Amino acid sequence: GVDLSGWVFQAVDLQEDTKENFASYNVSGAVFLGCTFPELISRGAIIHDNPSDLPFKPYRGFMYRQEELHQCDEEIYQYYLNEHDIQSDMWQAAHDFCIKDALGDYLKGKSVVAIMGGHGLERASEGYEAILRIAQILAKEGFVIATGGGPGAMEAGNLGAYLAEHTEKETKEALEIIRSRTEGFDYEKQAEYQDVEPPKRVIERFGEPTHMPSLGIPTWKYGHEPSNKFATWQAKFFSNAVREDGLIQIANCGIVYSPGSAGTRQEIFQDACRNHYADPQTACPMVFYGEEFWKENKVFDLVKSTAEGRLYASLLLCSDDIREITNHFM
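Note that the coordinates shown come from a computational prediction; the quantities given were computed from them, not determined experimentally.

S.K.: What is the right way to read helix H5 (residues 153-162) from this model?
M.R.: An α-helix turns once every 3.6 residues. As a result, residues three or four positions apart point the same way. With 10 of 10 residues buried, H5 is to be regarded as a mostly interior element. Residues of H5 that are buried: Ala-153, Met-154, Glu-155, Ala-156, Gly-157, Asn-158, Leu-159, Gly-160, Ala-161 and Tyr-162.

S.K.: Explain the packing of helix H4 (residues 126-140) against H5 to me, please; I cannot follow it from the model alone.
M.R.: Helix-helix packing is characterised by the crossing angle of the two axes and by the distance between the axes. Where H4 meets H5, the closest approach of the two axes is 7 Å, and the angle between their N-to-C directions is 35 degrees. Two packed elements cross with a definite hand, and for H4 against H5 that hand is right-handed. Counted together, Tyr-128, Ile-131, Leu-132, Ala-135, Gln-136 and Ala-139 of H4 and Ala-153, Glu-155, Ala-156, Gly-157, Leu-159, Gly-160 and Ala-161 of H5 form the full contact between these two elements. Class assignment of the residues belonging to the contact of H4 with H5 gives a composition of nine nonpolar, three polar and one charged.

S.K.: Before we go on, may I ask you to explain the sheet that holds strand E9 (residues 286-289) in this structure?
M.R.: Consider a sheet: its strands pair through backbone hydrogen bonds, and that pairing is either parallel or antiparallel. Pairing is parallel in the open sheet, where seven strands are placed in the order E7-E6-E5-E4-E8-E9-E10. Because the sheet does not close on itself, it has two edges, and the strands there are strand E7 (233-234) and strand E10 (316-319). Here strand E5 (residues 144-147) runs beside strand E6 (residues 214-216); their pairing, made up of three bridges, is parallel. Note on E6: the bridge partner recorded for Thr-147 is Gly-216. Helix-sheet contacts for helix H11 (residues 299-306) involve E9 and E10, and the interaxial angle to E10 is about 160 degrees. Relative to the sheet, helix H12 (residues 322-329) contacts strand E4 (112-116), strand E8 (255-257), E9 and E10, its axis offset from that of E10 by approximately 165 degrees.

Thresholds applied
Residues numbered from 1 in each chain as written. Predicted model: local features only at pLDDT ≥ 70, side-chain atom pairs only at ≥ 80, totals over all residues. Heavy atoms only, no water. Buried < 20%, exposed > 50% of the residue type's maximum accessible area, 1.4 Å probe, protein only. Helix = DSSP H or I, 4+ residues; strand = E, 2+ residues; numbered from the N terminus. Axes fitted to C-alpha atoms, helices over the stretch in contact; angles between N-to-C directions. Left-handed = near helix turned anticlockwise from the far one by under 90°. Contact = heavy atoms within 4.5 Å. Nonpolar A, V, L, I, M, F, W, Y, C, P; charged D, E, K, R; others polar. Pairing = 2+ DSSP bridges.

Next comes the structure, spelled out in structure tokens:
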């Protein structure tokens with residue numbers, strides 16, 4: 001029979017195999033994570049099933065598609081808020097490991113630019129369109145655009161990548177739709193990003209994200225913020241620390257920073273640390289969009305002075321020019 005000793009199977013459906021065939025396999029020492037079988041086995045194998053009473057699968061083989069995440073997002077968020085025992089922490093850690101593994105599989109051989117910035121960036125703002133345009137140009141050039149998967153600058157980045165194959169006329173139409181107001185929504189009492197109807201209208205017009213180089217990496221830590229609808233895949237994590245570090249590490253071609261608050265600045269200095277100690281071959285561009293914002297608050301100057309004498313000093317850019325920014329990654 002087939003020797004599966006030492007193999008690790010993750011979220012694999014083995015039920016189509018016959019019982020006779022499966023019985024002939026040597027599974028002693030094999031590990032099965034969230035798999036299904038034609039019959040219950042042991043025979044020396046290590047088996048971890050997905051519990052049926054959880055709102056998520058700890059052991060999964062893929063990231064989330066929009067439809068799946070939409071169906072379970074709120075229920076998982078409530079689980080995250082309310083379950084804090086050891087077993088729950090273990091399930092969450094197992095889930096995050098599998099998501100990180102699936103993310104790594106998807107990105108093998110791909111060139112990634114991340115876009116980071118504030119969740120409060122309004123859809124009608126100049127900055128929103130600029131981030132959209134930057135992402136769209138880079139996606140057309142073959143880069144995968146990765147964001148934190150949330151609203152604001154993250155939504156603009158994923159929308160730009162989502163529109164990579166669309167014409168200028170269609171892009172302007174999408175901008176008009178995303179900026180449209182929803183009747184009955186109270187924009188004075190609620191944040192604009194909580195109005196999820198304009199993104200739905202864009203999807204209704206241009207279709208679901210299916211193959212676009214648009215990746216979201218959100219977290220249930222900020223589960224009160226809606227995950228944006230324009231990412232082809234959502235790699236959603238329980239642990240924000242794992243998510244933040246992972247988002248920076250996958251950006252193997254650099255990061256664009258749109259104006260943001262504490263979270264964005266945390267990401268900037270994590271990225272600066274990565275670049276500060278990087279090998280010459282792995283240092284990546286750090287681009288700051290919003291020149292007045294980043295120079296007025298001295299963040300860019302601090303990063304620049306820290307980088308003196310290091311290779312990544314030449315990879316820093318602070319600019320409002322969309323073409324200058326995109327050319328910096330070419």
